[in-house]
Amino acid sequence: MTLIDGKAVSAAVKERIKKEIEEKNLKIGLAVVIVGTDQASRVYVNNKKKACEFCGITSYEYALPEETTEEQLLELVDKLNGDGNVNGILVQLPLPNQIDEKKIIERINPEKDVDAFNAVNVGKIMIGDYSFLPCTPAGVMELIKSTGTEISGKECVVIGRSNIVGKPMAMLLLHENATVTVCHSKTRNLKEVCSRADILVSAVGKAGFVTADMVKEGALVIDVGMNRNAEGKLCGDVDFNSVKDKCGFITPVPGGVGPMTIAMLMENTLRAGKLQSL
Ligand code: NAP
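Residues numbered from 1 in each chain as written. Predicted model: local features only at pLDDT ≥ 70, side-chain atom pairs only at ≥ 80, totals over all residues. Heavy atoms only, no water.

(A) Representation of the site of the ligand within the structure. The immediate surroundings of the ligand are formed by 22 residues, with R161, S162, S185, M226 and T261 found nearest. Within the contact set of the ligand, a nitrogen atom lies 3.0 Å away from a side-chain nitrogen or oxygen of K206. Relative to its free-state accessible area of 930 Å², the ligand is covered by the protein chains to the extent of 71%. Here the residues of the shell around the ligand are counted per class, giving 10 nonpolar, 10 polar and 2 charged. (Near = heavy atom within 4 Å. Polar contact = N/O pair within 3.5 Å; in protein donor to acceptor, adjacent residues only side chain to side chain. Areas by Shrake-Rupley, 256 points an atom, 1.4 Å probe, with all protein chains shown as cover. Nonpolar A, V, L, I, M, F, W, Y, C, P; charged D, E, K, R; others polar.)

Below you can see the structure in the form of structure tokens.
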């Protein structure tokens, strides 16, 4: 088994971005909006700000109180849409209940939608003609490619069909000519389906969900899950200890997909800046 080092791959991506920004003397800005005091969201936002600093991207943080109204957040999005220093806008999810996430996402100018959650960008991904790829699935593609594994013609199984991970993940694999199966909570014979996978991507959100009997000998296993185990430790969906002896490649959690998601956000922000300066 070979461990796929997400930290190393993401570091290389960030180095490349930093170099390009330095060499071309680009001025790139990312607005990061966080509403409320969710601890996990705070950690993600801090990591994104750190990555911006490393790459030479200016980050503008907007930390709004929990009781912020939808109207107030829409006003801020409008302001950022019109701000020439802001090339990318990221609204950290989840948002408090009084705010309709969909309305906020749809209000972000698609050219600044560096998460690629806006329907315009989702549609572009579907037809394979896109400016931004959604960060987590794009990061997974980089990790698969880093192993030198050919994707074309392979059996790929994605567990999970969310709009932000599972569905776009399936689409990116399909664009690379994989034969893709998407599983979800109503899938029958999940074990059997997963055991067919040359490349298995799990995005379920349940610790220990993928066990060795679901994995084909020598498969490439990508663990997108970010969960807390009984001891409160960060862990993925995959039962790492049993699966590692059966698979060919595997991503650890932490240190796998997580760092890649942030690196791809930097990539999208740089791309947004370049597209807007055309
Ligand atoms: P989500 O919206 O909750 O989707 C979970 C998916 O898993 C759903 O499609 C659900 O099926 C499916 N599922 C649940 N139980 C199942 C079962 N017993 N058998 C088969 N499928 C089942 O979650 P998400 O936003 O996609 O995130 C998934 C995980 O990835 C979470 O742990 C999240 O924290 C993590 N994540 C990590 C990153 C990163 O950067 N590393 C980024 C984003 C998300 P139904 O559709 O039928 O309900």
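On we go.
(B) Quick look at the pairing of strand 2 (residues 29-35). The element strand 2 is largely enclosed, with a buried count of 7 among its 7 residues. Side chains G29, A31, V33 and V35 project from strand 2 onto one buried face, and the interleaved L30, V32 and I34 project onto a second face that is buried too. Inspection of the sheet shows strand 2 paired to strand 3 (residues 58-64) by 7 bridges, in the parallel sense. Looking across to strand 3, one finds that L30 is bridged to S59. With respect to chirality, the unit in which strand 2 leads through helix 2 (residues 39-55) into the neighbouring parallel strand 3 is right-handed. (Buried < 20%, exposed > 50% of the residue type's maximum accessible area, 1.4 Å probe, protein only. Helix = DSSP H or I, 4+ residues; strand = E, 2+ residues; numbered from the N terminus. Pairing = 2+ DSSP bridges. Right-handed = clockwise from strand over helix to strand, strands pointing away.)

(C) Spatial organisation of the sheet that holds strand 1 (residues 2-3). The strand order across the open sheet built from 6 strands is 1-11-8-7-5-6, with neighbouring strands paired in parallel fashion. Each edge of the open sheet is held by one strand with a lone partner, namely strand 1 and strand 6 (179-183). Of the strands in this sheet, strand 7 (199-202) and strand 8 (220-223) are in contact with helix 6 (residues 135-146), which crosses strand 8 at around 150 degrees. (Contact = heavy atoms within 4.5 Å. Axes fitted to C-alpha atoms, helices over the stretch in contact; angles between N-to-C directions.)

(D) Spatial organisation of the packing of helix 1 (residues 6-24) against helix 10 (residues 257-276). Between helix 1 and helix 10, the least distance of the axes is 8 Å, while the angle of their chain directions is 20 degrees. With respect to their mutual orientation, helix 1 and helix 10 come out roughly parallel. Note that helix 1 runs across helix 10; the crossing there is left-handed. Residue-level contacts link G6, K7, V9, S10, V13, K14, R16, I17, E20, I21 and K24 of helix 1 to P259, M260, A263, M266, E267, L270 and K274 of helix 10. When the residues that make up the contact of helix 1 with helix 10 are grouped by side-chain class, the tally is 9 nonpolar, 2 polar and 7 charged. (Parallel < 35°, antiparallel > 145°, perpendicular 65-115°, else oblique. Left-handed = near helix turned anticlockwise from the far one by under 90°.)

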